[in-house]
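# A closer look at the structure
As a plain string of letters, each chain reads:
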Amino acid sequence: MKTIVVSNRKGGSAKTTTAVNIASGLAKKGSVLLLDLDTQGHASIGVGCEPGEITGVHSIFDGATLSETFIPTVHKNLTLSPALVNFDVYEYADLRGILKNRFKREKIADFFDYCVIDTPPTFDALLKNSLEVADSVLIPFVPHHLGVVAVGQMLRALYQSAKVQEREIADVSILPVMYNPHINEHKESVEKVKKSFGKEKLLSPIGVDIKLAQQFESGSPIILDEKRSKGMKDYNKCVEELLKRI
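Described below are features of the structure shown in this document. (Residues numbered from 1 in each chain as written. Predicted model: local features only at pLDDT ≥ 70, side-chain atom pairs only at ≥ 80, totals over all residues. Heavy atoms only, no water.)

## Looking at the environment of L131
When you line up the elements, L131 lands in helix α5 (residues 125–132). With relative accessibility at 2%, the residue L131 sits in the buried group. Expressed as a C-alpha distance, the spacing of L131 and G207, which sit 76 residues apart in the sequence, is 27 Å. Leaving out residues up to four positions away in the same chain, L131 has contacts with V5, F123, V137, M154, A157, L158, S161, Q165 and R167. (Helix = DSSP H or I, 4+ residues; strand = E, 2+ residues; numbered from the N terminus. Buried < 20%, exposed > 50% of the residue type's maximum accessible area, 1.4 Å probe, protein only. Contact = heavy atoms within 4.5 Å.)

Spelled out as structure tokens, the structure:
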């Protein structure tokens, strides 16, 4: 099982939109677990579900098994472990290694080809536990100055996590989102990311598409839409590029 952690500590970076579309796209290739650890619960809504009463957060901190949180979604190959809305993670600020132990103890890798984790936009115990199981970290960012700064901050958090764990850093992919090639600031920001963090880390951008926002109302990711759209095309390309990397 390959585990992809979708993360950016800056809000408004299309992190959840990316997580649900990547998970749904991978579900066309094999079995996928989508683990919603963002306590807003938007990834759960994005795949046609609601935040649950027994959640992945319970399995991490309160002794429940991860498998008892699983529920079906809009795609037959996509299983969700929903979010616990308004969970106060700061009571557990120093806990590490729990999710890693859950994966191992319950042999989660025997049941899924891929796991996609939507993380909170804070460097808390939920994000730290996610990074401990990551094979790949996908960082979506809006191409402006603060977006570039946020990528650097996220990479530092990732390096810090790897150092604490004494393990090799996960593979990193950086994804421009809400990209408009006609805006100079967008093009300049992508160039800064290339120069600062390496061209090899950069994925093809996700363009502006209003349907990406509307998908949460329908509860069906745009990548599963029967009607082709720009957002669908861009995320399909993103999935293919990710598969080559992992």
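Past the structure itself, the notes keep going.
## A few points about the layout of surface pockets
In this model, the largest pocket occupies a volume close to 390 Å³. Elements that contribute at least two residues to the lining of the largest pocket include exactly α1 (15–26) and α8 (211–218). Tallied by class, residues from the lining of the largest pocket come to eleven nonpolar, eight polar and four charged. (1 Å grid on protein atoms, 1.4 Å probe; cavity = no way out; pocket = protein on both sides within 12 Å on 5 of 7 lines; lining within 4 Å. Points joined across faces, edges and corners; volume = space filled by probe spheres on them. Nonpolar A, V, L, I, M, F, W, Y, C, P; charged D, E, K, R; others polar.)

## Brief notes about unusual backbone geometry
For residues besides glycine, phi is generally negative; the peptide bonds are generally trans as well. A positive phi angle, near 60°, is found at A14, a position not held by glycine. With respect to the secondary-structure elements, A14 resides in the loop between β1 (2–6) and α1. According to the relative accessible area criterion, A14 is buried, its value standing at 16%. Non-glycine residue M178 carries a positive phi angle of around 55°. Within the secondary structure, M178 is located in the loop between β7 (171–176) and α7 (184–197). Residue M178 is classed as partly exposed on the basis of its relative accessible area of 37%.

## Overview of the nonpolar core
Within the largest apolar cluster, 38 residues are counted, with the highest numbers of intra-cluster contacts made by L37, F61, L99, F103, I117, V137 and F141. In terms of residue count, the dominant contributor to this core is helix α6 (residues 145–165) (five residues). Ignoring sequence-local partners within four residues, the contact set of F141 consists of N8, S13, G147, V148, V151, I174, L175, P176, V177, V190, V193 and L202. Counting 32 residues, the second-largest nonpolar core is a separate cluster that includes V6, V116, C238 and V239. (Core = buried A, V, L, I, M, F, W, Y, C linked by side-chain atoms within 4.5 Å.)

## Notes on the sheet that holds β1
Overall, mixed pairing links the seven strands, which are arranged β3-β4-β2-β5-β1-β6-β7 in an open sheet. Two strands bound the open sheet, and with one partner strand each, they are β3 (71–72) and β7. Two elements, strand β2 (residues 32–36) and strand β5 (residues 114–118), share five bridges in a ladder whose sense is parallel. Paired with D36 across the bridge in β5 is D118. (Pairing = 2+ DSSP bridges.)

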